[in-house]
Amino acid sequence: MNARRSRSPGGLEREVIACLAASGVPMTASQVQAELGGDLAYNTVLTAMTRLYAKQALERSPQGRAFAYRLSGEGAADAEAGVTAHRMHLLLEAGADRTSVLARFVGEMDEETERLLRALLEEAEATGPSGPSGASGPVASEREDR
């Protein structure tokens, strides 16, 4: 029987993000596979990287016959935030009643999180839909403090 290393949901994605953050340079799927070690198949690593690219956590550029991937935004924390935001969107879209889901979500927030959400909504309203994705602006310094 083949004993496989068990990962938590999103565990491989977090490992890929950490690997790319540690390297500081774009890497191909085969380079990430070698760096992570273990018995990970190339296709497994490539699938995880392709999904991270689809979630806009990674950027890629052609390198020979493959792609070299790097973190989007300002590093590992920003990439993780993008993945989490993607999951939140999927969960919200899966709900039958968005209003109830959002009302419950907001109703269960602590004061600090509610204040941060209000500031983010005001910032988004001021900059419009083509404005910054949250990487800069008055709320960005608060994110850096965490």
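Below: a short report on this structure.

The rules we used
Residues numbered from 1 in each chain as written. Predicted model: local features only at pLDDT ≥ 70, side-chain atom pairs only at ≥ 80, totals over all residues. Heavy atoms only, no water. Helix = DSSP H or I, 4+ residues; strand = E, 2+ residues; numbered from the N terminus. Buried < 20%, exposed > 50% of the residue type's maximum accessible area, 1.4 Å probe, protein only. Contact = heavy atoms within 4.5 Å. Areas by Shrake-Rupley, 256 points an atom, 1.4 Å probe, with all protein chains shown as cover. Salt bridge = Lys/Arg side-chain N within 4 Å of Asp/Glu carboxyl O. Axes fitted to C-alpha atoms, helices over the stretch in contact; angles between N-to-C directions. Parallel < 35°, antiparallel > 145°, perpendicular 65-115°, else oblique. Nonpolar A, V, L, I, M, F, W, Y, C, P; charged D, E, K, R; others polar. Phe/Tyr/Trp six-rings, centres within 6.5 Å; stacked < 30°, edge-to-face > 60°. Lys NZ or Arg CZ within 6 Å of the ring centre and 35° of its normal. Core = buried A, V, L, I, M, F, W, Y, C linked by side-chain atoms within 4.5 Å.

**Quick look at the overall build of the protein**
Summing up its helical and strand segments, the protein has seven helices and two strands in all. Moving toward the C terminus, one meets the helices and strands of the protein in the order α-α-α-β-β-α-α-α-α. Put simply, the protein has 146 residues, and 23% of those count as buried. Sequence-distant contacts in the protein: of pairs separated by 6 or more residues, those separated by 24 or more amount to 40%. A total accessible area of about 10200 Å² is found for the protein, and carbon and sulfur atoms account for 53% of it.

**Digging into the environment of Leu 102**
Considering the arrangement of structural elements, one finds Leu 102 in helix α5 (residues 98–107). Residue classification places Leu 102 among the partly exposed residues on the basis of a relative accessible area of 40%. Taking the C-alpha atoms as reference points, Leu 102 and Leu 92, separated by 10 residues in sequence, lie 8.1 Å from one another.

**Brief notes about the pattern of salt bridges**
Scanning the entire structure with this criterion turns up five salt bridges. A salt bridge links Arg 104 to Glu 108; the shortest N-O distance between them is 3.9 Å. Overall, Arg 104 belongs to the exposed group, its relative accessible area being 59%. Owing to a relative accessible area of 63%, Glu 108 belongs among the exposed residues under this scheme. Here Glu 114 makes a salt bridge to Arg 118, at a shortest N to O gap of 2.8 Å. Pair noted here: Glu 114 and Arg 118 are both in helix α6 (residues 111–127), with a separation of four residues, about one helical turn. Three or more residues are tied together by salt bridges with common partners; here these are Glu 13, Lys 55 and Arg 87.

**Structural notes on the packing of helix α1 (residues 11–23) against helix α2 (residues 29–36)**
Where α1 meets α2, the axes come as close as 10 Å, and the angle between the chain directions of the two elements is 100 degrees. Comparing the axis directions of α1 and α2 gives the class roughly perpendicular. Within the contact between the two elements, α1 uses Leu 12, Glu 15, Val 16, Cys 19 and Leu 20 and α2 uses Val 32, Glu 35 and Leu 36. Its residues placed into classes, the contact of α1 with α2 shows six nonpolar, no polar and two charged.

**Considering the packing of aromatic side chains**
Across all of its chains, the model carries one aromatic pair by this definition. If you follow Arg 60 out to its NZ or CZ, it ends over the ring of Tyr 53, 4.0 Å from the centre. Geometry around Phe 67 places Arg 60 over its ring, the cationic atom sitting 4.1 Å from the centre.

**A word on the packing of helix α4 (residues 76–94) against α5**
α5 packs onto α4 with a crossing angle of 130 degrees between their chain directions and a minimal axis gap of 8 Å. Put simply, α4 runs oblique to α5. Between α4, through Met 88, Leu 92 and Glu 93, and α5, the contact on the second element is made entirely by Arg 98, Val 101, Leu 102 and Phe 105.

**Some remarks on the nonpolar core**
Among the nonpolar cores identified, the biggest contains 19 residues, and Val 16, Leu 20, Val 32, Met 49, Leu 52 and Leu 58 are the most heavily contacted of them. With five residues, the single largest contributor to this core is α1. What Leu 58 contacts, discounting residues up to four positions off in sequence, is Leu 20, Met 49, Leu 52, Tyr 53, Tyr 69, Arg 70, Leu 71 and Ser 72.

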